[in-house]
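# Architecture and fold: a report
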Number of protein chains: 2
Amino acid sequence: MVRRMDPSVATPRAARARRARLAARHRGPVALFAGQAPPRNYPDAPYPFRASSHFLYFVGLGLERAVLVIEDGDATVYVVAQDPADELWLGPVPGYDELAALVGCDVRPLTELTADRLEGAATLLAVDEATRLEQRARLGRAPGGPMDDALADAVIALRLVHDEAAIAGLRAAAEGTEAAHRAGMAATRVGPREAHVRAAMEAAMVARGMTPAYGSIVTVHGEVLHNHAYHHPMRDGDLLLCDVGAESRGGWAGDVTRTWPVSGAFSATQRTMYELVLSAQRAAIEAVKPGARYRDVHLTACRALCRGLVELGVLRGDVDELVADGVHALFFPHGVGHLLGLDVHDMEDLGDRAGYAPGRERSAQFGLSYLRLDRDLTPSMAVTIEPGFYQVPAILRDAALLDVAGDRLVRDELAKFADVRGIRIEDDVLVTEDGREVLTAGIPKDPEDVEACASA
Amino acid sequence: MVRRMDPSVATPRAARARRARLAARHRGPVALFAGQAPPRNYPDAPYPFRASSHFLYFVGLGLERAVLVIEDGDATVYVVAQDPADELWLGPVPGYDELAALVGCDVRPLTELTADRLEGAATLLAVDEATRLEQRARLGRAPGGPMDDALADAVIALRLVHDEAAIAGLRAAAEGTEAAHRAGMAATRVGPREAHVRAAMEAAMVARGMTPAYGSIVTVHGEVLHNHAYHHPMRDGDLLLCDVGAESRGGWAGDVTRTWPVSGAFSATQRTMYELVLSAQRAAIEAVKPGARYRDVHLTACRALCRGLVELGVLRGDVDELVADGVHALFFPHGVGHLLGLDVHDMEDLGDRAGYAPGRERSAQFGLSYLRLDRDLTPSMAVTIEPGFYQVPAILRDAALLDVAGDRLVRDELAKFADVRGIRIEDDVLVTEDGREVLTAGIPKDPEDVEACASA
């Protein structure tokens, strides 16, 4: 039975074209599993179903427990057969023909997916254990062999370069993400807890039939990079860091961070640091263009940040040396961004195979080691650009890191920025033929605009 | 490392008392697994973690991947050790001593949970496959033997009878649920899609640090019992059925359905049918008291509904015979309710072992077969009471069911209620020493109140 299908999304033509491109690139049969909703506390109370991104990409619809099989260029989607009792609980469900029209290929009952149909099929390892068990049972082997690696490479090559339908999906996600951030700024005031703003932001998505693309970060403790607590009261003088993105109905992700003053007005020090982060972000965005190496985009942001910190007196020394030694990572410990697509960290289920070009490996240096992407950019890739400035206690008391910085860190000057715990500014950027397009440019970002929206 | 711990909930004394009661009731060691957040699209983007209800009950806090071990009355909670890198991403996390104070027993690193500590331990099968794999690996066997059944019976006996802390949790959930329903009524108007109301209802929970206890149903197609689509526009003349409940920060569930007119005013036929369902619900609530058999509460609702339908001319014949033959199930096909606790269908992970008293089994009759609870009620049990009236196309064209009804179904009279697709009215009810307390009594229910709130 087809569960929780969203009728607002159906791109049979785009899905067919994607399958054709995959068949041309990868010889031999392929089986992609949609996965299933894991139980939250008992089987009848599952988490909301979210199909595997690979399945979504090549089918368009998230059909729970379905399997896409491509062989000799022919695609078939096998779906769980409808139980007559389901109609009572779930309403009328589309038949095989109706589904076939929606996905642009044959649709058959899952009972017909016999072992011989899967003989020699390559697959991609599912993320959930239940589907992994099913993969092993159906394929008679654990996924992960050379054939599967070859399939992964073919899928990565396709999904790296967004087609028109994908870009439309990213634009839809950006629209929902903008609505969320505007709602969040409007809901911010001194007094309530962070959860109050989170609720407003997520409601803007839910009202659009969307869902958060990842666990929202809405926090006055921006120095905790992945803070998922929402219980702190918002106080006068706090900055609120909101890393919140919408997932479109078709599964495409938005990923945006804005940082705004709870009171509606930055302090002088907050404004100074905000403008510095913003200038680093703009410099990194300007560096996004076909042929640019993403690690250099990252280093552009690092240099801009260091330059500003030297100007402020917080750091001393040569900017290039500071960056080469990783001193910037005292304040900007993470990467400048990552791939964006159906996943917020697109294709991260495939590990660095997706984010790192062949032959490139993660650095061992603190800071650079967290960079999730190091490819040469090409038109129609989408990435995030999200530098930040944080005062993380665990970092600022780390002897090894402080040793590298030595007297290039000026604690007395840093102390002046005590009211800046964390600032991050993040946009979603599409690489174009002649540069870039910021997909999330509509979300207030200039300090005056941010103040105006947060104080309205 | 302890992830996403909610600092707002800690009842070390209650948890300790529960563990003592379990140790008194179940001889031999026990191991309860908290479980882990399943990945949504890749491991770093998980669903929000929700601990196993059994673990939550005996520990109080949801600690991801932790294991509670009770042996000879001594309890230890084993937790994943903190990785130093975690502090950067997740902020300062509580140490073992701090955690021990929060849960009222020893807390040790999971690495100390060696096989000999688990020798002969009974457990309850986890709901997610990843934790099931871990259970098999740690215990050296698949859960589900007689020892585990004995543990299940002991846990059921305890969780059936809510202690003070549990009742406080249910009251908190009721409070969040009331806020959601009031927000939903206030947000309803002709024009927007159902998702607009869903967003308002869930935002009321999120703002309180709560979460939906189950997939919200917010639909103008109430005849689809588990409708999880939200894309229909709300039109003048529609009824909006909202089955929405909050889960408190400690994990306790609310589960309430209200049905209100989109326009703010019931039509005459809608009002008639609404009042009938309400009278059936009130009759069933009145039947809730210590010693009452829950199936009889269900049948009370069935009789009240049939009596009303006979008075309206929709059904003909003797009320008791109609109910005995299951004719009411043409319009009220599900059970009148279920256990309520940490799970919305409390302990449904244990199957009918929890809902059905020993020696009682599900009926095979359509309608009664969906009854999830058949126990004799005792003080401090909590149940839902949720009769409904639906015109389900799949039922009203089912030859076998229509054959049983024969000419006792009067289609012409039924046709007058064409603008009633589905009405359900549901409250959460605590059995008291001398009867019952409706925990969700604050949520508007009388037709005038519902109209007033929906039109405000």
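Here the residue numbering is sequential within each chain, running from 1 through the sequence in written order. By the order in which they are written, chains take letters starting at A while ligands take numbers starting at 1. For a predicted model such as this one, the threshold for reporting local features is a pLDDT of at least 70, and the threshold for listing and counting side-chain atom pairs is 80 or more; totals across whole chains, interfaces and linings nevertheless cover every residue.

## Some details on the overall build of chain A
When its secondary structure is counted, chain A shows 16 helices and 15 strands. Across its three principal directions, the C-alpha atoms of chain A cover 70 × 50 × 40 Å. Buried, partly exposed and exposed are defined by the number of other C-beta atoms within 10 Å of a residue's own C-beta, namely 20 or more, between the two limits, and 12 or fewer respectively, with C-beta atoms placed from the backbone. When each of the 456 residues of chain A is scored for burial, the buried share is 54%. A fraction of 74% describes how many contacts in chain A between residues 6 or more apart in sequence connect residues 24 or more apart. Here a strand is any run of E in DSSP of at least two residues, a helix any run of H or I of at least four, and the numbering for each starts at the N terminus. Residues are scored as being in contact if the C-beta atoms we place from backbone atoms lie within 7 Å.

## A look at the pairing of strand 14 (residues 427–432) of chain A
Residue and element names in this part refer to chain A. Along strand 14, five of the six residues are buried, which leaves the element largely enclosed by surrounding structure. Strands are labelled as partners when DSSP assigns at least two bridges between them. For strand 11 (residues 382–385) and strand 14, the ladder comprises four bridges, and the chain directions are antiparallel. From the neighbouring strand, A382 faces strand 14, where its bridge partner is L430. Bridge count between strand 14 and strand 15 (residues 435–438): four bridges; the pairing is antiparallel. If you follow T432 over to strand 15, its bridge partner there is G435. Hairpin connection between strand 14 and strand 15: a loop of two residues separates the two successive antiparallel strands.

## Quick word on the sheet that holds strand 17 (residues 435–438) of chain B
Residues and elements named next belong to chain B. Strand order in the open sheet formed by three strands is 13-16-17, with antiparallel pairing between adjacent strands. Of all strands in the sheet, those bounded by a partner on one side alone are strand 13 (382–385) and strand 17. Here the strands of the sheet are splayed against their neighbours by 40 degrees on average, with no regard to which way each runs. With axes taken as lines fitted to C-alpha atoms, and helix axes fitted only over the stretch in contact, angles between N-to-C directions fall between 0 and 180 degrees.

## A closer look at unusual backbone geometry
Residues and elements named next belong to chain B. Non-glycine residue R65 carries a positive phi angle of around 70 degrees. Locating R65 in the fold gives a position in the loop between helix 2 (53–59) and strand 4 (67–71). Positive phi, close to 60 degrees, is recorded for M347, a residue that is not glycine. Relative to the elements of secondary structure, M347 occurs in the loop between helix 11 (319–324) and helix 12 (352–355).

## As for the domain arrangement of chain A
Many authors give the size of an interface as the accessible area that is lost as the parts come together. Residue and element names in this part refer to chain A. For every domain, the bounds stem from an assignment made automatically or drawn from a database. Each assigned domain of chain A is listed here: domain 1 (12–160) and domain 2 (164–455). If you look at the interface, domain 1 gives 11 residues, while domain 2 gives 13 residues. Within the residue set of the side of domain 1 that touches domain 2, elements represented by two or more residues are helix 2 (53–59) and helix 6 (146–160). Tallying contributions element by element places helix 6 first for the side of domain 1 that touches domain 2, with four residues. In the scheme used here, Gly and all other residues not listed as nonpolar or charged are polar, with Ala, Val, Leu, Ile, Met, Phe, Trp, Tyr, Cys and Pro taken as nonpolar and Asp, Glu, Lys and Arg as charged. Of the residues contributing to the side of domain 1 that touches domain 2, the split by class is eight nonpolar, two polar and one charged.

## Let's talk about the interface of chain B and chain A
Residue-level contacts link 55 residues of chain B with 55 residues of chain A. Elements supplying a minimum of two residues to the side of chain B that touches chain A: strand 2 (39–42), helix 3 (84–90), helix 5 (129–139), helix 8 (194–207) and helix 13 (393–396) of chain B. Among the elements that take part in the side of chain B that touches chain A, helix 8 of chain B stands out by supplying nine residues, more than any other. Counted by class, the side of chain B that touches chain A contains 29 nonpolar, 13 polar and 13 charged residues.

## What about the sheet that holds strand 7 (residues 122–123) of chain B?
Paired through their backbone hydrogen bonds, the strands of a sheet run either parallel or antiparallel. Residues and elements named next belong to chain B. With mixed pairing, five strands are arranged side by side in an open sheet as 6-5-4-1-7. Bordering the open sheet on either side are strand 6 (106–109) and strand 7, each of which pairs with just one other strand. In this sheet, strand 6 lies alongside strand 5 (residues 74–79) in parallel orientation, the contact comprising four bridges. Note on strand 6: the bridge partner recorded for V77 is V107.

## Considerations on the environment of L99(A)
Note on placement: L99(A) falls in helix 4 (residues 96–103). Counting along the chain gives 20 residues from L99(A) to V79(A), while the straight-line C-alpha distance between them is 9.7 Å.

## Some details on the pairing of strand 8 (residues 239–244) of chain A
Residue and element names in this part refer to chain A. Within strand 8, six of the six residues are buried, leaving the element largely enclosed by the surrounding structure. Burial along strand 8 is two-sided: the face carrying L239, L241 and D243 and the face carrying L240, C242 and V244 are both buried. Taken together, the three bridges between strand 7 (residues 217–219) and strand 8 define a ladder with antiparallel strand orientation. Paired with T219 across the two strands is L241, which belongs to strand 8.

## A few points about the environment of I385(B)
Residues and elements named next belong to chain B. One can find I385 in strand 13. Taking the C-alpha atoms as reference points, I385 and R249, separated by 136 residues in sequence, lie 24 Å from one another. When near neighbours in sequence (up to four residues on either side) are disregarded, I385 contacts Q281, A284, I285, V288, V336, G337, E426, D427 and V429.

## Some words on helix 8 of chain B
To estimate the expected span of a helix, count its residues, drop one, and scale the result by 1.5 Å. Here helix 8 of chain B contains 14 residues, and its C-alpha end-to-end distance of 20 Å stays within 8% of the 20 Å for a straight helix at 1.5 Å per residue. The buried fraction of helix 8 of chain B is high, at 14 of 14 residues.

## Some points on the nonpolar core
Of all hydrophobic cores here, the largest spans 293 residues; its most connected members are L68(A), L305(A), L68(B) and L305(B). Once residues within four sequence positions are removed from consideration, L68(B) is found in contact with L32(B), F55(B), F58(B), V59(B), A75(B) and V77(B). Note on terminology: a nonpolar core is any set of buried Ala, Val, Leu, Ile, Met, Phe, Trp, Tyr and Cys residues joined through C-beta atoms within 7 Å.

## Describing the relation of the copies chain B and chain A
Only residues with pLDDT of at least 70 in both copies count here: their C-alpha atoms drive the least-squares fit that superposes the copies. The transformation that overlays chain B on chain A combines an axial shift of 0.0 Å with a rotation of 180 degrees, and the residual RMSD is 0.0 Å. Both copies are brought into coincidence by an operation consistent with a two-fold rotation axis. Both copies share a contact surface, since 100% of the interface residues of chain B are interface residues in chain A too.

## Examining helix 9 (residues 268–287) of chain A
If you check helix 9 of chain A, its first and last C-alpha atoms are 29 Å apart, about what 20 residues at 1.5 Å a residue would give, namely 28 Å. All buried positions along helix 9 of chain A are accounted for by Q270(A), M273(A), Y274(A), L276(A), V277(A), A280(A), Q281(A), A284(A), I285(A) and A287(A).

## Digging into the packing of helix 7 (residues 164–187) of chain B against helix 8 of chain B
All names here are of chain B. The geometry of helix 7 relative to helix 8 is characterised by a closest axis approach of 8 Å and an angle of 150 degrees between their N-to-C directions. It follows that helix 7 is roughly antiparallel to helix 8 by the angle criterion. In the packing of helix 7 onto helix 8, the handedness of the crossing is right-handed. From helix 7, G176, A179, A180, H181, A183, G184 and A187 reach across to helix 8, where they touch H196, V197, A200, M201, A203, A204 and M205. Taken together, the residues of the contact of helix 7 with helix 8 sort by class into 10 nonpolar, four polar and no charged. In this scheme, roughly parallel covers angles under 35 degrees and roughly antiparallel covers those over 145, while 65 to 115 is roughly perpendicular and the rest are oblique. Rotating anticlockwise by less than a right angle from the far helix to the near helix defines a left-handed crossing, while the corresponding clockwise rotation defines a right-handed one.

## Quick notes on the confidence of the model for chain A
All names here are of chain A. One number per residue, pLDDT, summarises how confident the predictor is, and it ranges from 0 to 100. Of the residues in chain A, 98% have a pLDDT of 70 or more, and the chain-wide mean is 95. In the model, residues 1–8 has pLDDT below 50 throughout and makes 24 contacts with residues more than four positions away in sequence or in other chains. Across the whole predicted complex the pTM is 0.96, and at the interface the ipTM reaches 0.95.

## Observations regarding the environment of T131(B)
Residue and element names in this part refer to chain B. Positionally, T131 belongs in helix 5. The exposure class assigned to T131 is buried, which follows from the 20 C-beta atoms found within 10 Å. A sequence separation of 98 residues divides T131 from F33, and the C-alpha atoms of the two residues are 7.6 Å apart.

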